[in-house]
Each structure stands twice: as structure tokens, then as C-alpha cells.
Amino acid sequence: DTGVSQDPRHKITKRGQNVTFRCDPISEHNRLYWYRQTLGQGPEFLTYFQNEAQLEKSRLLSDRFSAERPKGSFSTLEIQRTEQGDSAMYLCASTPPGTDNSPLHFGNGTRLTVT
Amino acid sequence: QKEVEQDPGPLSVPEGAIVSLNCTYSNSAFQYFMWYRQYSRKGPELLMYTYSSGNKEDGRFTAQVDKSSKYISLFIRDSQPSDSATYLCATPRRAGYALNFGKGTSLLVTP
């Protein structure tokens, strides 16, 4: 168990550019979650996958955001036409199959800075 | 009203003090409650997981749930400088399996 891995750790981009982040969950964890965290706030739910199916999306996930998990393993989160308000820490978490209330296992996040 | 409310602090205490961190939640149907600890520039890590009402103890940490008042607490005994972090309370979302988090309380334990 190597934990949830996120790449890159830090991304600096100019406003209007597209960015893509990757998350590798703990192996055999079938549920994967994306959260966003801004300074002084708790993590805010963005979206959730069970295997390759995206089952829930938050209203925070605007049309510029898209997430995929094509083979039910790693996931990507893409932000198109980035805005300064997108600057945040993007956290990925996973849980194993089983009960509905398994604790989330988080990665160390990707910190996005939009200049 | 947010589903989970938490005083962001910051809270500063001397080493050895007892720390009390608190959250309130809005949905009386919630059964599971979690506390996460987050160090600077790291992801949150699970600290305590409780079900329904009552206390749960793990070493220097005690989690307490009062469902009648929809209040959850985390107590840290004999606090250490290594406890300096942000503490996040979390409850399940109404739909789906994800969690709702409070804003987090920033704790600083000074030597």
C-alpha cells in the first residue's frame, strides 16, 4: 500500500491555459474522489467515481472542469481556460469497496497557482 | 446553513495543555463522524472515526459525539508541538459516499 499518489505536486500556469492533474488511488480501491481546498477552508467535494463511472458531480464543477477514470484505476482532472479563482489545492482520495462510510484516504494534493 | 460548522481558530496552547476542538452539524440523520488532521502542504489524514453517540478514545485523543445537540468534539490530552496542525471534522454527504468537511481549526502547540 503506497498511498494515494498525485502528480504534479505543484503547477503554475497563466490564466487561460489548460491544466491536467493525475491521481493514482490505492490499488484495489474502487471509489475515487476529487476535492478542492482553498486557504483557510476545508476540502470541498467536486466529484466521485465508482470504478470508471462518474456517479456524482458538485455544482462547483463548472463546464470548464472535466474528470475521467477510463479504466477504473487512475483518474485525471482537467481544467480548461483557467481563471485566477481556480487557484487552490486539488486533493484526490480513495476508498475500498465495502461499506458506504469508509474513511477517505487522501493524497498530498496538487497545488495550482493561476497567474 | 452549512452542513458542518467549525470555528477556524487559530488556537494557540502551551505544550501539555488539554485541547478541545468542536463542530456542529445540521442533519440529525448523520451516524458517522470523522476527524482528520492536516499538516501544512499535506493531504488530510484520518485521526478518529466514530459511529453514533458516545466517546471513543485512542491514546491522547478522545472523540465525543452528542447527537441530541448535534455537536462533535475532539479532545487532545498532553498536547505536543507535533500536534500543531489543522483539524477537520467531517460527516457524510446526504447522497453518495463523499464527506462534507468543516473549515478546519488551526492549532499551534508551543514548547
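Our structure's up above, just so we're on the same page.
Attention in this report is confined to the structure presented alongside it. (Residues numbered from 1 in each chain as written. Chains lettered and ligands numbered in written order. Predicted model: local features only at pLDDT ≥ 70, side-chain atom pairs only at ≥ 80, totals over all residues. Heavy atoms only, no water.)

### Some remarks on the nonpolar core
General note: in soluble globular proteins, nonpolar side chains tend to be found buried as a group. Put simply, the rule reads: The nonpolar core is taken to be a set of buried Ala, Val, Leu, Ile, Met, Phe, Trp, Tyr and Cys residues, with the residues joined through side-chain atoms within 4.5 Å. Relative accessibility thresholds used throughout: buried, under 20% of the residue-type maximum; exposed, over 50%; partly exposed, between the two (1.4 Å probe, protein chains only). Numbered from the N terminus, helices here are DSSP runs of H or I no shorter than four residues, and strands are runs of E no shorter than two. By definition, residues are in contact when any of their heavy atoms lie within 4.5 Å.
Core analysis: the biggest nonpolar cluster contains 23 residues, and B:Trp35, B:Ile72, B:Leu74 and B:Tyr87 have the highest contact counts within it. Elements with a minimum of two residues in this core: strand 3 (19-25), strand 4 (32-38), strand 5 (45-51), strand 7 (61-66), strand 8 (71-76), strand 9 (85-92) and strand 11 (105-110) of chain B. A total of four residues in this core trace back to one element, the largest contributor, which is strand 3 of chain B. Once residues lying within four places of it in the same chain are set aside, the contact partners of B:Tyr87 are B:Gln6, B:Leu21, B:Trp35, B:Tyr36, B:Arg37, B:Leu47, B:Leu74, B:Ile76, B:Gly104, B:Thr105 and B:Leu107. With 19 residues, the next largest nonpolar core counts A:Phe21, A:Leu61, A:Ile79 and A:Cys92 among its residues.

### A closer look at the pattern of salt bridges
Residues and elements named next belong to chain B. As a reminder of what qualifies: Think of a salt bridge as a Lys or Arg side-chain nitrogen and an Asp or Glu carboxyl oxygen that are within 4 Å of each other.
Evaluated as defined, the whole model comprises six salt bridges over all chains. Between Glu57 and Arg77 there is a salt bridge, and its shortest N-O distance comes to 3.4 Å. Of this pair, Glu57 sits in strand 6 (residues 54-58) while Arg77 sits in the loop between strand 8 and strand 9; the two residues are 20 residues apart in sequence, bridging distant segments of the chain. Residue Glu57 is classed as exposed on the basis of its relative accessible area, which comes to 58%. Here Arg60 ties to Asp83 by a salt bridge, and the two come within 2.8 Å at their closest N and O atoms. Here Arg60, found in the loop between strand 6 and strand 7, pairs with Asp83, found in the loop between strand 8 and strand 9; they are 23 residues apart in sequence, far enough to count as distant. We classify Arg60 as partly exposed; its relative accessible area is 25%.

### Considering the interface of chain B and chain A
The criterion, for reference: By definition, the buried area sums, over both parts, the 1.4 Å-probe accessible area that each loses when the two are put together. In the analysis that follows, any N or O atom pair within 3.5 Å is treated as a polar contact, provided that within protein one partner can donate a hydrogen and the other can accept it, and provided that, for residues neighboring in sequence, both atoms belong to side chains.
Chain B puts 21 residues into the contact, and the matching count from chain A is 24 residues. Roughly 1900 Å² is buried in total at the junction of chain B and chain A, and carbon and sulfur atoms are behind 53% of that figure. Remark: the boundary between chain B and chain A carries zero salt bridges. Connecting chain B to chain A are six residue pairs in polar contact (both at pLDDT 80 or more). Where the side of chain B that touches chain A is concerned, the elements lending two or more residues are strand 4, strand 5, strand 9 and strand 10 (99-101) of chain B.

### Considering the side chain of A:Gln6
All names here are of chain A. On the secondary structure map, Gln6 appears in strand 1 (residues 5-7). Judged by relative accessible area, which is 8%, Gln6 ranks as buried. At 3.0 Å, the side chain of Gln6 forms a polar contact with the backbone nitrogen of Gly109. Aside from chain neighbours lying at most four places away, what touches Gln6 is Arg22, Cys23, Trp34, Tyr90, Leu91, Cys92, Gly107, Asn108, Gly109 and Thr110.

### Some points on the packing of aromatic side chains
Each aromatic ring pair is described using two quantities: the centre-to-centre distance and the angle formed by the ring planes. Under the convention used in this document: Stacked, edge-to-face and tilted are the three classes for Phe, Tyr and Trp ring pairs, Trp counted by its six-membered ring, which pair at centre distances within 6.5 Å; planes under 30 degrees apart are stacked, over 60 edge-to-face, the rest tilted.
Considering all chains together, one arrives at 13 aromatic pairs over all chains under this definition. With a centroid separation of 5.8 Å and 85 degrees between ring planes, the pair formed by A:Phe106 and B:Tyr36 is classed as edge-to-face. Linking A:Phe106 in strand 10 (residues 105-106) with B:Tyr36 in strand 4, this pair reaches from one chain into another. The burial state of A:Phe106 is the same as that of B:Tyr36; both residues are buried. Where B:Tyr25 meets B:Phe33, the ring centres are 4.8 Å apart and the plane angle is 45 degrees; that geometry is what we call tilted. A residue is classified by how much of its surface remains accessible, and B:Tyr25, at 4% relative accessible area, is buried. Taken together, the aromatic side chains of A:Tyr35, A:Phe45, A:Phe106, B:Tyr36 and B:Phe101 make up a single cluster linked through ring pairs.

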